[in-house]
Amino acid sequence: MRVAASADLIDDREYAAPPELVFEAWTKAEHFARWFAPDNVEVPLCEIDARPGGVIRFQHRWPEGQLVSIRGVFDEVVAPTRLSFTFTFVDSNDRPTVNAMMPEWPVGAHIVMTVELVATARGTRMTVAQRVADPALADSAPVVRHRKLAAIGWSQTAERLVAYLERRTPWDS
């Protein structure tokens with residue numbers, strides 16, 4: 001297992017669900033869209049092709065109406081233990097664009113998200129790391145600010161995953 005640098009780590013917790021279900025929550029659009037957003041944020045669009053080179057595309061609609069579109073590519077998919085994807089903020093034509101919620105974010109800068117799942121007696125230990133792909137940007141003010149906001153947003157998102165897994169274990173038919 002790759003150990004994330006402390007600046008990369010955004011979550012490390014245990015879930016009362018087997019790794020297969022947690023992995024499916026990450027890799028199936030019908031599940032991902034139900035939990036992958038901070039509080040009060042909707043996911044009105046979600047497409048996932050969970051295979052190396054496959055595309056992940058989703059949107060976040062904020063309560064004030066802002067729509068943030070995200071497109072990425074899966075770098076690694078190892079069921080049910082690991083996945084990694086690289087993503088950026090895009091417009092409706094999948095072109096890199098300004099993030100409406102963070103206009104100072106460098107257009108076209110990519111973020112790498114890595115998820116590691118390990119079976120435990122209780123269910124699954126999930127470690128999530130996120131970093132900017134370009135090391136030269138890692139200490140820039142917008143990236144440092146994003147890292148702080150991502151930690152807050154991820155905390156809320158992880159709690160949504162907990163609630164979703166509790167309602168969906170095992171998955172409804």
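Scroll up to find the structure.
Residues numbered from 1 in each chain as written. Predicted model: local features only at pLDDT ≥ 70, side-chain atom pairs only at ≥ 80, totals over all residues. Heavy atoms only, no water.

*Asks:* Looking at this structure, how should I read the pattern of salt bridges?
*Replies:* Where charged atoms from two side chains of opposite charge approach closely, those side chains can pair. What the rule picks out here adds up to 12 salt bridges. Close ionic contact of Asp-11 with Arg-13 constitutes a salt bridge, the shortest N to O distance being 2.9 Å. Among the residues examined, Asp-11 registers a relative accessible area of 9% and is labelled buried. Among the residues examined, Arg-13 registers a relative accessible area of 19% and is labelled buried. With a closest N to O distance of 3.4 Å, Asp-94 and Arg-71 form a salt bridge. (Salt bridge = Lys/Arg side-chain N within 4 Å of Asp/Glu carboxyl O. Buried < 20%, exposed > 50% of the residue type's maximum accessible area, 1.4 Å probe, protein only.)

*Asks:* Explain the environment of Pro-18 to me, please; I cannot follow it from the model alone.
*Replies:* Note on placement: Pro-18 falls in the loop between strand S1 (9-15) and helix H1 (19-27). Note on Pro-18: relative accessible area 33%, which makes it partly exposed. Pro-18 sits 100 residues away from Val-118 along the chain, and the two C-alpha atoms are 9.0 Å apart. (Helix = DSSP H or I, 4+ residues; strand = E, 2+ residues; numbered from the N terminus.)

*Asks:* So what exactly am I meant to see when it comes to the environment of Pro-103 here?
*Replies:* Note on placement: Pro-103 falls in the loop between strand S5 (82-90) and strand S6 (111-119). Pro-103 sits 41 residues away from Trp-62 along the chain, and the two C-alpha atoms are 15 Å apart.

*Asks:* Any chance you could explain empty space enclosed by the protein here in plain terms?
*Replies:* If a probe as big as a water molecule is rolled over the atoms, it shows which places are left empty. Considering all chains together, one arrives at two cavities of 30 Å³ or more under this definition. In this structure, the largest cavity encloses a volume near 100 Å³. Around the largest cavity, the lining is made up of 12 residues, and of these Gln-130, Arg-131, Val-132, His-146 and Arg-147 lie nearest the centre. A breakdown of the residues in the lining of the largest cavity according to their chemical character gives seven nonpolar, two polar and three charged. (1 Å grid on protein atoms, 1.4 Å probe; cavity = no way out; pocket = protein on both sides within 12 Å on 5 of 7 lines; lining within 4 Å. Points joined across faces, edges and corners; volume = space filled by probe spheres on them. Nonpolar A, V, L, I, M, F, W, Y, C, P; charged D, E, K, R; others polar.)

*Asks:* How should I be thinking about the pairing of strand S4 (residues 67-78) in this particular structure?
*Replies:* Summarising the sheet, strand S3 (residues 55-61) and S4 pair through seven bridges and their orientation is antiparallel. Bridge pairing links Arg-57 to Arg-71 in S4. Connecting S3 to the antiparallel partner S4 that follows it, the hairpin turn spans five residues, and Gly-65 within it adopts a positive phi of roughly 105 degrees. With nine bridges joining them, S4 and S5 adopt antiparallel strand pairing. In the sheet register, Ser-69 faces S5, and the bridge partner there is Val-90. Hairpin connection of S4 to S5: three residues between the antiparallel strands. (Pairing = 2+ DSSP bridges.)

*Asks:* Any chance you could explain unusual backbone geometry here in plain terms?
*Replies:* Glycine aside, residues mostly have negative phi, and peptide bonds are mostly found in the trans state. With an omega of -10 degrees, the peptide bond running from Ala-79 to Pro-80 counts as cis. Turning to its location among the elements, Pro-80 is positioned in the loop between S4 and S5. Of note in the backbone geometry, Asn-40 takes a positive phi value of approximately 65 degrees without being a glycine. The residue Asp-94 is not glycine, and still its phi comes out positive at about 65 degrees. For Asp-94, the location among the structural elements is in the loop between S5 and S6. Judged by relative accessible area, which is 28%, Asp-94 ranks as partly exposed.

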